[in-house]
Amino acid sequence: MADSAAPARPRKLFSDKDKSVVNPTYLQLKNLSVGYGGHAVIHDINIDIAKGEIVALIGPNGAGKSTILKSITRQLKIVGGQVLFDGQDLTKMSFRDLSSRMAVVLTDRLHPELMTCHDIVATGRYPYTGRLGVLTRDDEDKVDEAMAAVDAASLGARDFNSISDGQKQRVLLARALCQEPDVIILDEPTSFLDIRYKLDLLSILRSMAKDNGITVITSLHEIDLAMKVADKIVCVEGDTIYRCGAPEAIFEEGLIRDMYDIRNGSFDSLFGSIELPAPAGEPRTMVLSTSGNGIREYRRLQKLGIPFIAGVVYKNDTDYRLAQALATEVIAEEPFQPISNGVYQQALEAMGRCDTVIDAGCDIGPINARVADLLAEAERQGKLERR
């Protein structure tokens with residue numbers, strides 16, 4: 001893929017393989033305990049995963065996300081309970097059968113000697129070859145098809161060690177696709193990628209799940225991306241599963257704050273963003289804005305460590321969402337209502353306590369006409385600064 005081009009939407013792969021939903025619960029973790037040396041570090045894991053579903057494991061570093069994934073892929077011996085793969089006990093499946101149905105992309109960086117990207121992808125076909133590992137023409141076609149699906153066709157002849165981390169992730173994803181898996185397991189696949197390649201990779205995974213019926217289970221550090229890409233979120237913290245459910249049920253400020261023990265800042269459940277704490281101190285600056293115009297000014301003042309009052313903002317404005325996180329005081333009005341006498345007087349009183357009133361950009365209409373009066377009063381007092 002040329003660096004300036006957007007990633008193509010992966011087409012449906014391997015149409016000869018049945019991707020239809022037979023059992024709505026395709027992968028089941030049943031009373032699962034995982035750990036090391038027979039000692040469980042996480043227990044009582046009960047999760048039902050459907051075919052074509054994207055499941056994201058989130059949680060603090062060291063919580064056990066990788067331990068769960070390694071147990072599912074049989075790199076670690078299960079301490080207790082079961083993993084049922086389409087109704088079959090995972091531990092009773094042969095490695096050959098498992099490798100043809102489950103693909104794994106780990107965070108460990110590969111450093112193969114003298115292997116092209118095509119060679120790396122081709123290893124995904126080994127579960128289907130004979131003892132000599134010789135690829136047929138059909139195997140080679142599937143290698144090419146998988147590389148094209150992740151926009152890595154142009155990388156085939158290049159040394160794997162010479163390409164970027166983002167390109168390596170696409171190549172490893174193509175290798176996983178080559179296995180014609182029903183399930184792909186990824187451990188922190190976005191850790192070494194810049195934002196463009198994070199989005200490329202997650203877009204490809206989303207298309208694979210929805211277009212090809214491939215179940216995707218991945219751990220992610222970026223909770224904003226997990227919120228946007230996953231169908232189900234598994235919160236790993238402590239010695240058990242903290243919560244499991246749809247993103248809209250998981251991503252609320254209190255739960256994320258408690259799970260990650262956030263003390264300096266906040267989490268915005270609407271936008272999936274984190275914010276540093278509001279500046280401390282008595283505010284001597286007031287910011288007047290509407291329709292999101294105050295956001296840039298809020299961030300500027302926060303970076304400078306200047307406490308401020310935000311107003312008058314409507315509770316359905318994007319200004320209001322950020323003001324709640326960064327402002328010392330927020331003067332707000334109910335949506336679609338004229339500014340009431342009480343709110344107007346509150347704004348005047350706040351203005352009287354401030355040395356500076358910043359006009360960050362106010363779009364004024366019939367509903368919020370009294371903002372113009374506030375601006376005029378700030379100018380009359382010699383406090384108004386326009387941004």
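Please refer to the structure placed before this passage.
Computed from a prediction, not measured in an experiment: that's the story for all the values here.

Conventions adopted
- Along each chain, the written sequence defines residue order, and numbers are assigned to residues from 1.
- The predicted nature of this model means local features are confined to residues of pLDDT at least 70 and side-chain atom pairs, given and counted, to a pLDDT of 80 or more, with totals for whole chains, interfaces and linings taken over all residues.
- Each side-chain value is worked out from all heavy atoms of the structure, with water and hydrogens disregarded.
- Numbering goes from the N terminus for both helices and strands, where a helix is a DSSP run of H or I of at least four residues and a strand is a run of E of at least two.
- Throughout, radius of gyration means the C-alpha value; the globule benchmark is 2.2 Å times the number of residues raised to the power 0.38.
- With a 1.4 Å probe rolled over the protein chains alone, any residue whose accessible area is under 20% of its type maximum counts as buried; one over 50% counts as exposed, and the rest are partly exposed.
- We call two residues in contact whenever any of their non-hydrogen atoms come within 4.5 Å of each other.
- The convention is simple: Lys and Arg are positive, Asp and Glu are negative, and His and the chain ends are not counted.
- Each charge is placed at NZ for Lys, CZ for Arg, CG for Asp and CD for Glu.
- In these notes, a set of buried Ala, Val, Leu, Ile, Met, Phe, Trp, Tyr and Cys residues joined through side-chain atoms within 4.5 Å is what counts as a nonpolar core.
- Angles run from 0 to 180 degrees between N-to-C directions of axes, and those axes are lines fitted to C-alpha atoms, restricted for helices to the stretch in contact.
- Our angle categories are set so that under 35 degrees counts as roughly parallel, over 145 as roughly antiparallel, 65 to 115 as roughly perpendicular, and the remainder as oblique.
- For any pair of crossing helices, the crossing counts as left-handed if the nearer helix is rotated counterclockwise from the farther one by less than a right angle, and right-handed if it is rotated clockwise.
- Here the term charged refers only to Asp, Glu, Lys and Arg, the term nonpolar to Ala, Val, Leu, Ile, Met, Phe, Trp, Tyr, Cys and Pro, and the term polar to all other amino acids, Gly among them.
- Between any two strands, at least two bridges found by DSSP are needed for them to pair.
- Directions are taken from the helix axis to each C-beta atom, and the arc is the one they span.
- Count a disulfide wherever a pair of cysteine sulfur atoms falls within 2.5 Å.
- Polar contacts here mean pairs of N or O atoms no more than 3.5 Å apart (in protein, one a potential hydrogen donor and the other a potential acceptor; neighbouring residues in sequence count only if both atoms are side-chain atoms).
- Take a side-chain nitrogen of Lys or Arg and a carboxyl oxygen of Asp or Glu: if they are within 4 Å of each other, that pair is a salt bridge.

**Here we look at the overall build of the protein chain**
If you tally the helices and strands in the protein chain, you get 13 helices and 17 strands. Computed over the C-alpha atoms, the radius of gyration of the protein chain is 27 Å, more than 25% above the 21 Å expected from 2.2 N^0.38 for a compact globule of 387 residues. Counting only C-alpha atoms, the protein chain reaches 90 × 45 × 35 Å along its principal axes. When the 387 residues of the protein chain are sorted by exposure, 51% land in the buried category. Residue pairs at least 24 apart in sequence account for 67% of intrachain contacts in the protein chain once pairs closer than 6 positions are excluded. Positive and negative charge centroids in the protein chain, built from 45 and 55 side chains respectively, lie 3 Å apart.

**With respect to helix α1 (residues 65–72)**
Among the eight residues that make up α1, six are buried, leaving the element largely enclosed by the rest of the structure. R74 lies just past α1 and shows a positive phi near 65°.

**Things to note about the nonpolar core**
Judged by nonpolar contacts, the single largest core of 53 residues is most densely connected at I58, I233 and F251. Aside from chain neighbours lying at most four places away, what touches I58 is K65, L220, I223, A226, I233, V234, C235, V236, F251, I256, M259 and Y260. By size, the runner-up hydrophobic cluster in this structure holds 28 residues, among which are I45, A63, M93 and I217.

**A few points about the packing of helix α5 (residues 165–178) against helix α6 (residues 195–212)**
In contact at an axis separation of 10 Å, α5 and α6 are set at 15° when each is read in the N-to-C sense. On the basis of the axis angle, α5 is roughly parallel to α6. The handedness of the crossing between α5 and α6 comes out as right-handed. Here G166, R170, L173 and L177 of α5 come into contact with α6, specifically with Y197, L201, I204, L205 and M208. By residue class, the composition of the contact of α5 with α6 is seven nonpolar, one polar and one charged.

**Observations regarding the sheet that holds strand β8 (residues 215–219)**
One open sheet holds the six strands; their spatial order is β6-β7-β8-β3-β9-β10, and the pairing between them is mixed. On the outer flanks of this sheet lie β6 (102–105) and β10 (240–245), each paired with one strand and no other. Between one strand and the next, the sheet's axes are offset by a mean angle of 15°, whatever the strand orientation. This element, α1, spans β3 (54–58), β6, β7 (183–187), β8, β9 (232–237) and β10 of the sheet and lies at about 150° to β7. With respect to the sheet, α6 is in contact with β3, β7 and β8, its orientation differing from that of β3 by roughly 135°.

**Re helix α10 (residues 295–304)**
Residue pairs spaced three or four apart in an α-helix point in one direction, given the helix's 3.6 residues per turn. Those residues of α10 lying buried are E297, Y298, L301 and Q302. The buried residues of α10 occupy one face: seen down the axis, they fall within an arc of 135°. Exposed positions of α10 whose direction lies more than 90 degrees from the buried face are R296, K303 and L304. Against the buried residues of α10 lie β13 (285–289), β14 (308–314), α11 (318–326) and β16 (356–361). Where α10 ends, the next residue or the one after it, G305, has phi of about 75°, a positive value.

**Re the state of the cysteines**
In this structure the tally under the stated criterion is zero disulfides. With no disulfide of its own, C235 lies 7.9 Å from the sulfur of C244, the closest cysteine sulfur. This cysteine, C354, is not joined by any disulfide, and C362 carries the nearest cysteine sulfur, 15 Å off.

**Observations regarding the sheet that holds strand β2 (residues 39–49)**
A sheet is described by the order of its strands in space; here four strands give the open sequence β2-β1-β4-β5, paired in antiparallel fashion. Both edges of this open sheet fall to β2 and β5 (88–89), since each of them pairs with a single strand only. Bridge count for strand β1 (residues 27–36) against β2 is seven bridges, and the pairing is antiparallel. Looking at the pairing, L29 lines up with I47 of β2. Sitting on the sheet, α1 is in contact with β1 and β2, with an inclination near 115° to β1.

**What about the side chain of T290?**
One can find T290 in the loop between β13 and α10. Among the polar contacts made by the side chain of T290, one reaches the main-chain amide nitrogen of D363 at a distance of 2.7 Å. Among residues more than four places away in sequence, those in contact with T290 are D317, D319, G361, C362, D363 and N368.

**Concerning the pattern of salt bridges**
With the rule as written, the count across this model stands at 29 salt bridges. The salt bridge involving E180 is made with K142; its shortest N-O contact spans 3.2 Å. Linking E180 in the loop between α5 and β7 with K142 in helix α4 (residues 137–149), this pair joins segments that are 38 residues apart in sequence. Residue class for E180 comes out buried when judged on its relative accessible area of 6%. A salt bridge links R380 to E377, with the shortest nitrogen-to-oxygen separation between them at 2.6 Å. In this pair, R380 and E377 are both assigned in helix α13 (residues 370–380), three residues apart and thus about one turn of the helix distant. Relative accessible area serves as the criterion here: at 61%, R380 is assigned to the exposed category.

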